[in-house]
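An overview of the molecular structure
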Amino acid sequence: MKLFIEIIVPLIFLIVGFGMLVKGADIFVDGSSKIARKLGVSQLFVALTIVAMGTSIPETAVSLFAALQGNEELALGNIVGTNILNIMLILGFTAVLTPLAVSRSTVKYEMPIMIFTAIAFTFLGLGINLFTGEKKIVDGMFTRADGIILLVLFALYLFYLFRLAKKSRTEEEGLVAYESKISWPLLILISVVGLALIIIGSDMVVKGATRIAEEIGISQRIIGLTVVAFGTSLPELATSVTAAIKKHHDLAVGNIVGSNIYNMLFIGGITAVIKPVPYSASFWLDSLVCAGASVLLLLLILFNRRKMLTRFSGALMMCLYCVYLTGLCI
């Protein structure tokens, strides 16, 4: 009976929570994507905004709930772990299924922005106080000031996306005409229902994961970097794989790039503003891996004459992720 209460019940919470997260995100993204297309914006813009932010709502809710409940390592581990997993495992797996053509805009602008974001996130997490000049190499803190800096960077990114939206309109006029028949109230209702499922599911995931970590003696950092990161990345996985199979490569790649930028700038920023988050020495290597994964992705595409993410590149990224995961377990 004691084992059932201490392990089985939290595990049920975790599984049910993940299920609600995935279904809620699916409903939310579906409704939000139809709203975006009804407005007539480009597929790349939809991928970088509505889809990327929609599939990242599980990470948002989990990190915020974790921080508010005093599980700061879980909150930070979820952000960093999700970004590593998004690039190395999800994009890697998607590229193995079908090589991905990457748009010029993504290579020239969005990927460098993602790299800069990963570096800025690490820089602030190390505890380098930009206002007093005090330096700490490790055991820093994401202070409210750091959170504000991340949110300002996110606002600048949104301005860039706004300019991107003005430059191009969607070419899928038939799809827009079809979706215009769906009423605005129904689309908004669909999105709200999905959001509610996500919030409830996120709370269950945090409670279940935290309890299991405490019972079996695994740190919140490891749980956040692995189990919770994978669970909250399931919407990105489903979206990118489905988009790639349907030959919507901009959507498949843009979803991951946009999600990673959103995760660090918005989720990291808003979490730190609500409650400062400790950045322990253990996250130093994880943040380096995250920044390195972003750089590796760009290099693999730049060194390909057709600017594609090939099956070989996808397999290489998946192998490197397995090496990183093995290191965590050891």
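Below, the structure is looked at part by part.

What counts and what doesn't
- Residues numbered from 1 in each chain as written.
- Predicted model: local features only at pLDDT ≥ 70, side-chain atom pairs only at ≥ 80, totals over all residues.
- Heavy atoms only, no water.
- Helix = DSSP H or I, 4+ residues; strand = E, 2+ residues; numbered from the N terminus.
- Buried < 20%, exposed > 50% of the residue type's maximum accessible area, 1.4 Å probe, protein only.
- Contact = heavy atoms within 4.5 Å.
- Core = buried A, V, L, I, M, F, W, Y, C linked by side-chain atoms within 4.5 Å.
- Disulfide = S-S within 2.5 Å.
- Phe/Tyr/Trp six-rings, centres within 6.5 Å; stacked < 30°, edge-to-face > 60°.

Considering the overall build of the protein
When helices and strands are counted, the protein shows 12 helices and 4 strands. Per-residue burial for the protein yields a buried fraction of 53% across its 330 residues. Long-range contacts, defined here as pairs at least 24 residues apart, represent 84% of the contacts in the protein between residues at least 6 apart.

What to know about unusual backbone geometry
One non-glycine residue, lysine 247, adopts positive backbone phi at about 70°. With respect to the element layout, lysine 247 can be found in the loop between helix H9 (220–245) and helix H10 (249–274). Judged by its relative accessible area of 57%, lysine 247 is exposed.

Quick look at the nonpolar core
Among the nonpolar cores identified, the biggest contains 68 residues, and Phe142, Leu297 and Leu309 are the most heavily contacted of them. In terms of residue count, the dominant contributor to this core is H10 (11 residues). Judged by nonpolar contacts, the second largest core, of 20 residues, contains Ala25, Ala75, Val206 and Ala209.

Examining the state of the cysteines
What the rule picks out here adds up to 0 disulfides. Among the cysteines around cysteine 319, which has no disulfide bond, cysteine 322 carries the closest sulfur, lying 6.3 Å off. Residue classification places cysteine 322 among the partly exposed positions, given a relative accessible area of 45%.

Thoughts on the packing of aromatic side chains
Enumeration over the complete set of coordinates arrives at 8 aromatic pairs. Between tyrosine 109 and tyrosine 160 the ring centres are 6.3 Å apart and the planes differ by 40°, which places this aromatic pair in the tilted class. With tyrosine 109 in helix H5 (residues 104–125) and tyrosine 160 in helix H6 (residues 144–167), this residue pair connects regions lying 51 residues apart in the sequence. With a centroid separation of 4.7 Å and 40° between ring planes, the pair formed by phenylalanine 121 and phenylalanine 142 is classed as tilted. Taken together, the residues phenylalanine 121 in helix H5 and phenylalanine 142 in strand S2 (residues 140–142) connect sequence positions 21 residues apart. Looking at phenylalanine 121, the relative accessible area reads 1%, which means it is buried. Connected via pairs of aromatic rings, a cluster forms that spans Tyr109, Phe154, Tyr157, Tyr160, Tyr262 and Phe266.

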